[in-house]
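# Structure at a glance
This is what each chain is made of:
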Amino acid sequence: MNRASTGLPRRGARLLAGVLAGVLAAGTVVGASTGAVAAGPGSTGGAGGAAGAGACAGSGPLPRACAQPGDLIDVTLGELHPTQAVLGFDQVFYKLGRYGSDRDEAAGGFNKRFDDWCETNGQGEAASVRPGARLDDPASFSCTVPLGQETPKSIAPMKTAVIGPGGKLYLTDGHHTLTSFLEGPDGSTRLPIRLRVTDNFSSLSTAAFWQRMTAEKKVWLRDETNKPLAVDQLPDRLGITNFRDDPYRSLVYFTRDIGYEVPDGATEFLEFSWGSWLRGEHDTAAYDLTSPGPYLDLVKSASKSMAALAPDAVVDDGKTAAQLGRIAEWNGGKKETGGEFAKLSKPLTDAKPGKLAEALDYKARVEPAPACTTRITGVRNGPLTVTGGVTCADRAALRGPVTVRAGAALVLTGSTLQGPLQSDRAAAIHVCGSDVTGPLAISRTTGSVRLGGPGCTANGVTGAVVLTGNTGGVLLAANKVTGPVVCSANVPAPVNTQRANEVHGPRTGQCAGV
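The present account deals with the structure reproduced in this document. (Residues numbered from 1 in each chain as written. Predicted model: local features only at pLDDT ≥ 70, side-chain atom pairs only at ≥ 80, totals over all residues. Heavy atoms only, no water.)

This part is about the sheet that holds strand β8 (residues 160–163). Strand order in this open sheet of 5 strands is β3-β10-β8-β9-β4, and the pairing throughout is mixed. Among the strands making up the open sheet, the edge pair consists of β3 (72–76) and β4 (80–81). (Pairing = 2+ DSSP bridges. Helix = DSSP H or I, 4+ residues; strand = E, 2+ residues; numbered from the N terminus.)

Dropping the structure here:
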């Protein structure tokens, strides 16, 4: 591939595959001018590795394993594998609050999600947005930098990925942004985006791949309490349900440009390094992180601690405060009534509310799942009957029918269920980020029924969905259902929070328009 002196592609739109250009099948890579893919600097594996030299020769669409550092690849969100197990949920909630608001349009602009998509795609910002435009339909809007005219400047903000064994895509930057796209008003696993390849390790074995990723610090193997994680504890796909919430990661996001600035050439997981340090300096549990006042007090205290560090002070893993972007003067040398801190502090009623206010407004819409009394992980074969308490299946594979009895509750997150799910008079049913094969029949639930919605990643259901006589509220949002959806006698009627379900089958009763 032709590459600019920066190591990035000279002409970035050389992977115009699939939905973005409608020319090549998704999952292919094509050279800058000739269609050939040459081994890039620093590559391991790649053209001569897992794909084989012959597979990466000639013109036309090439296997993804042929991609080299600097190449831009066309992907969908459902193809991506995370390299971290935690997110700062409040950062995602800010984005989702903004994406679901009409204040940008009311001010004469475009919704922020279109600007964010264009920037992430290496195309600047939104140039035009048609009525009814959606991120999953890039033909419905345009960006200021057309495909084929990318520059190193427009490519720099793109999110990055490593090609792993079997051509799998491992996201190394952009977990918050792409999760926000997925959970947003028009998000789905089929939403297209381009990523910049930093490394091709496709020729390595799985064990060698993770050794290399760990050695080069391209994976974050710590949990929400900063304790070590094993590779097999990483989520296998995007979706907020699949991650754990680290409040320190959110805290760092809100201190940006107040206590630190993202430096040029920032390494992956920079914010987690700051979060690790802040964990020893400030106790987030001592603050009410649902209320703007206490949250702002924490941001101010934390950011002042960051700015007060000596430039050569070691923050985390040998990285100094200067290397991590420690700001020279708190809040850019301005009082708290000015600068970025003042912007962050603006209430939701302001014409331009602050990020924190929008995050907390969305956060208030997220209904917490009931506290677990029994947990299931891994594979479970045979029927499961929940007779009492709250059974939580987290990243589990349930092979057999599930029945929830009166007064009991089920929370199914990031799991697969092969078999029908039936409940009657349950206390609550929450199904998030899961795949269910078999009919799903939920009736007379006294508490909440959640199938997708704020803070609950949408599901895939193969089989009928029947919701009858539930009285604690039914949220049915953005799910893909292959089968009929039948709803009756639910009080109140089911809602989708303006995220329509994709239903391949009839919709009847209260769910006719959901």
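As a further point, take the pattern of salt bridges. Any two side chains of opposite charge can pair, given that their charged atoms come close. Under the counting rule described, the total for this entry stands at 25 salt bridges. A salt bridge links Lys95 to Asp116, with the nearest nitrogen and oxygen atoms 3.8 Å apart. Note that Lys95 is positioned in helix α2 (residues 89–99) and Asp116 in helix α4 (residues 112–120), a separation of 21 residues in sequence. Each member of the pair, Lys95 as well as Asp116, is classed as buried. With a closest N to O distance of 2.9 Å, Asp136 and Arg134 form a salt bridge. Overall, the relative accessible area of 37% leaves Arg134 in the partly exposed class. (Salt bridge = Lys/Arg side-chain N within 4 Å of Asp/Glu carboxyl O. Buried < 20%, exposed > 50% of the residue type's maximum accessible area, 1.4 Å probe, protein only.)

It is worth spelling out unusual backbone geometry at this point. Following Val491, the chain continues into Pro492 via a peptide bond in cis, with omega recorded as 0 degrees. Within the secondary structure, Pro492 sits in the loop between β29 (485–488) and β30 (502–504). Within the chain, Lys217 stands out as a residue other than glycine whose phi angle is a positive 55 degrees. Along the chain, Lys217 falls in the loop between α7 (206–215) and β11 (244–245). Phi is positive for Arg444, close to 55 degrees, though the residue is something other than glycine. Mapped onto the secondary structure, Arg444 falls in the loop between β23 (440–443) and β24 (449–451).

This paragraph deals with the side chain of Glu150. In this fold, Glu150 is placed in the loop between β7 (141–143) and α5 (152–155). A relative accessible area of 5% places Glu150 in the buried class. One polar contact links the side chain of Glu150 to the main-chain amide nitrogen of Gly148, over a distance of 3.0 Å. Reaching out from Glu150, the side chain makes a polar contact with the side chain of Arg194 at a distance of 2.8 Å. (Polar contact = N/O pair within 3.5 Å; in protein donor to acceptor, adjacent residues only side chain to side chain.)

This part takes up the environment of Leu195. Note that Leu195 resides in strand β10 (residues 192–200). A relative accessible area of 0% means that Leu195 is categorised as buried. Each C-alpha atom, one on Leu195 and one on Ile73, is 5.4 Å from the other, the two residues being 122 residues apart in sequence. Once residues lying within four places of it in the same chain are set aside, the contact partners of Leu195 are Asp71, Leu72, Ile73, Val75, Leu80, Met158, Lys159, Ala161, Leu171 and Leu178. (Contact = heavy atoms within 4.5 Å.)

Okay, the environment of Val461 next. Turning to its location among the elements, Val461 is positioned in strand β25 (residues 460–462). Residue Val461 is classed as buried on the basis of its relative accessible area, which comes to 7%. Spatially, the C-alpha atom of Val461 lies 6.2 Å from that of Lys480, the residues being 19 residues apart in sequence. Leaving out residues up to four positions away in the same chain, Val461 has contacts with Val436, Gly438, Lys480, Val481 and Thr482.

Pairing between sheet strands relies on hydrogen bonds along the backbone, with the strands arranged either parallel or antiparallel. As summarised here, the arrangement of the 7 strands in space is β15-β17-β20-β23-β26-β29-β31, forming an open sheet in which the pairing is parallel. Two strands close off the open sheet at either side, each with one partner strand: β15 (384–386) and β31 (507–509). Adjacent strand axes in the sheet meet at a mean angle of 10 degrees when their direction is disregarded. Across 4 bridges, the pairing between β23 and strand β26 (residues 465–468) is parallel. The partner of Ile442 across the bridge, within β26, is Leu467. (Axes fitted to C-alpha atoms, helices over the stretch in contact; angles between N-to-C directions.)

Glancing now at the pairing of β8. Of the two faces of β8, the one carrying Thr160 and Val162 and the one carrying Ala161 and Ile163 are both buried. Pairing of β8 with β10, which is carried by 4 bridges, proceeds in the parallel orientation. From the neighbouring strand, Val162 faces β10, where its bridge partner is Asp199. Across 3 bridges, β8 lies against strand β9 (residues 169–171) in antiparallel orientation.

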